[in-house]
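# Understanding the architecture of this molecule
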Amino acid sequence: MSCWDTVMDYGLRSIGIGERLLPRSDFTLCQQFTLIGSGMIWNIYFGVLALAFGFFLSIAVALGKSSATPLIRKPAEWFIFLFRGSPLFIQFFFAYFAFLSLKQVAPIFDPLTSAAFGATIVLFLNTSAYAGEIFYGALKAIPKGDLEAADAYGIMGWKRFRRITFPTMLRLAWPAYTNEAIFLFHATALVFFSGFPAWQQRGDALYYANYFADKTFNPFVPYPILAFYFILLTLTVITIFGAINRRLTRHLPQETRPKLRLRPMLVR
């Protein structure tokens, strides 16, 4: 079988398209690259959905935490504390068994026991808490002069938030938010190692890398391939978020524009 045939058979296997059975012996480098790359579809799926929905919730949480009303501020503070204070791995386990309990009460909760929905919800809530704290810090860092100038021009309420507060908060928070996005994509590798099972061996990139490592007793081939894919994914995120950062800071002098800096976190 040629490498092209392998790509055609296993390239979309992680989403149920192509060959159903995994190779059992005589593993080739092409098979490992193809299946691990196929599993990256799930990692991208988890990361993109969690970021897309988490962005809006994180802004709401940041605004809630900065509110002067305790009934709004306290739930936002506890939400951030809960998801930042507990390990993501434990959150996956707790959510999976909670969804299993809900499934026994009402069948409508059955989709939540699958990784496609349940794990996405956990990642969505987790990144919302971390990003909410980032946006809250940026909200508090907005220069008072900008707000006083807006008041002097009669820009108040929603108009001031839309034209002054929100763009400035976004610009100040974006470099840190970029690092959160990168770590979120890395954290997607925990999904199928937590409580959520891989249905019909349709797992993410780490699932397939672990499969090859177990079968060949040689972790020095599949895991570097996995790292290679995640490095490509990280570079893609940096490129996209860097373009957005340049857009947000286009009105600033070149020497004062904040630079994106990758700061990996060893512990979530």
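Now for a description of the structure that goes with this document. (Residues numbered from 1 in each chain as written. Predicted model: local features only at pLDDT ≥ 70, side-chain atom pairs only at ≥ 80, totals over all residues. Heavy atoms only, no water.)

## Here we look at the overall build of the protein
Summing up its helical and strand segments, the protein has 9 helices and 0 strands in all. Moving toward the C terminus, one meets the helices and strands of the protein in the order α-α-α-α-α-α-α-α-α. Oriented by its inertia axes, the alpha-carbon framework of the protein measures out at about 75 × 50 × 30 Å. Evaluated residue by residue, the protein yields a buried proportion of 43% over its 268 residues. For the protein, the proportion of contacts with a sequence separation of at least 24, taken over those separated by at least 6, is 74%. When the accessible surface of the protein is totalled, it reaches about 14,800 Å², and 68% of it is carbon and sulfur. Side-chain charges of the protein comprise 25 positive and 14 negative groups, with the mean position of each set lying 10 Å from the other. (Helix = DSSP H or I, 4+ residues; strand = E, 2+ residues; numbered from the N terminus. Buried < 20%, exposed > 50% of the residue type's maximum accessible area, 1.4 Å probe, protein only. Contact = heavy atoms within 4.5 Å. Areas by Shrake-Rupley, 256 points an atom, 1.4 Å probe, with all protein chains shown as cover. Lys, Arg positive; Asp, Glu negative; His and termini not counted. Charge placed at Lys NZ, Arg CZ, Asp CG, Glu CD.)

## Description of helix 8 (residues 205–216)
Over its 12 residues, helix 8 runs 17 Å from end to end, which matches the ideal 16 Å to within 8%, given 1.5 Å per residue. Buried within helix 8 we find Ala205, Leu206, Tyr208, Ala209, Tyr211, Phe212 and Ala213. For helix 8, the elements touching its buried residues are helix 2 (29–65) and helix 9 (222–248). (Expected span 1.5 Å × (residues − 1).)

## Points about unusual backbone geometry
Unlike most non-glycine residues, Asp26 shows phi in positive territory, near 50°. Assignment of secondary structure puts Asp26 in the loop between helix 1 (3–10) and helix 2.

## Notes on the nonpolar core
In globular proteins that are soluble, nonpolar side chains generally tend to be buried together. Membership of the largest hydrophobic core comes to 59 residues, with the highest contact counts inside it found for Ile36, Phe46, Phe92, Leu123, Phe135, Tyr177 and Val191. Broken down by secondary-structure element, the contributors of at least two residues to this core are helix 2, helix 4 (88–105), helix 5 (115–140), helix 7 (157–187), helix 8 and helix 9. The greatest single-element share of this core, amounting to 11 residues, is contributed by helix 7. Apart from residues no more than four positions distant in its own chain, Val191 is found in contact with Phe46, Phe92, Ala115, Ala119, Leu123 and Phe196. Val61, Ala76, Ile80 and Ala129 belong to the second largest nonpolar core, which has 6 residues in total. (Core = buried A, V, L, I, M, F, W, Y, C linked by side-chain atoms within 4.5 Å.)

## Here we look at the packing of helix 1 against helix 2
Between helix 1 and helix 2, whose axes approach to 9 Å, the crossing angle comes to 25°. Looking at the two axes, helix 1 sits roughly parallel to helix 2. Relative to helix 2, helix 1 is oriented so that their crossing is right-handed. Seen from helix 1, the contacting residues are Cys3, Thr6, Val7 and Tyr10; seen from helix 2, they are Cys30, Gln31, Thr34, Leu35 and Ser38. Residues of the contact of helix 1 with helix 2, tallied by class, amount to 5 nonpolar, 4 polar and no charged. (Axes fitted to C-alpha atoms, helices over the stretch in contact; angles between N-to-C directions. Parallel < 35°, antiparallel > 145°, perpendicular 65-115°, else oblique. Left-handed = near helix turned anticlockwise from the far one by under 90°. Nonpolar A, V, L, I, M, F, W, Y, C, P; charged D, E, K, R; others polar.)

## Some words on the packing of helix 3 (residues 70–85) against helix 5
Where helix 3 contacts helix 5, the two axes come as close as 8 Å, and the packing angle between them is 115°. Where helix 3 crosses over helix 5, the handedness of that crossing is left-handed. On helix 5, the residues touching Phe79, Ile80, Phe83 and Arg84 of helix 3 are Leu125, Asn126, Ser128, Ala129, Tyr130, Gly132 and Glu133. When grouped by side-chain class, the residues that make up the contact of helix 3 with helix 5 number 6 nonpolar, 3 polar and 2 charged.

## A word on the packing of aromatic side chains
Per the counting criterion, the structure on display carries 28 aromatic pairs. Chaining the aromatic ring pairs together yields one cluster made of Trp42, Tyr45, Phe46, Phe192, Tyr207 and Tyr208. Geometry around Tyr136 places Lys65 over its ring, the cationic atom sitting 4.6 Å from the centre. (Phe/Tyr/Trp six-rings, centres within 6.5 Å; stacked < 30°, edge-to-face > 60°. Lys NZ or Arg CZ within 6 Å of the ring centre and 35° of its normal.)

## Some details on the pattern of salt bridges
Scanning the model with the defined rule gives 5 salt bridges in all. Residue Glu77 is joined to Lys74 by a salt bridge in which the shortest nitrogen-to-oxygen separation is 3.5 Å. Of this pair, Glu77 and Lys74 both sit in helix 3, 3 residues apart, roughly one helical turn. Note that Arg160 is salt-bridged to Asp151, the shortest N-O span being 2.9 Å. By relative accessible area, which is 24% here, Arg160 ends up partly exposed. The exposure class of Asp151 is partly exposed, given its relative accessible area of 35%. One continuous salt-bridge network, built from bridges that share partners, spans Arg73, Lys74 and Glu77. (Salt bridge = Lys/Arg side-chain N within 4 Å of Asp/Glu carboxyl O.)

## A few points about helix 9
An α-helix turns once every 3.6 residues. As a result, residues three or four positions apart point the same way. The terminal C-alpha atoms of helix 9 lie 39 Å apart, and with 27 residues this matches the ideal 39 Å at 1.5 Å per residue to within 8%. The set of residues buried in helix 9 consists of Pro222, Ile225, Leu226, Tyr229, Phe230, Leu233, Thr234, Val237, Phe241, Gly242, Asn245 and Leu248. Contacts made by the buried residues of helix 9 are with helix 2, helix 7 and helix 8.

## A closer look at a nonpolar patch on the surface
The grouping of Phe89, Ile90, Leu190 and Phe193 at the surface amounts to a nonpolar patch, some 320 Å² of accessible area in total. If you trace the backbone, Phe193 turns up in the loop between helix 7 and helix 8. (Patch = residues over 30% accessible without salt bridge, like charges linked within 9 Å, V, L, I, M, F, W, Y side chains within 5 Å.)

## A word on the environment of Ala76
Along the chain, Ala76 falls in helix 3. Put simply, Ala76 and Ser66 are 10 residues apart on the chain and 9.0 Å apart in space, counted from C-alpha to C-alpha. In this view, Ala76 contacts Val61, Gly64 and Lys65; residues no more than four positions away in its chain are not counted.

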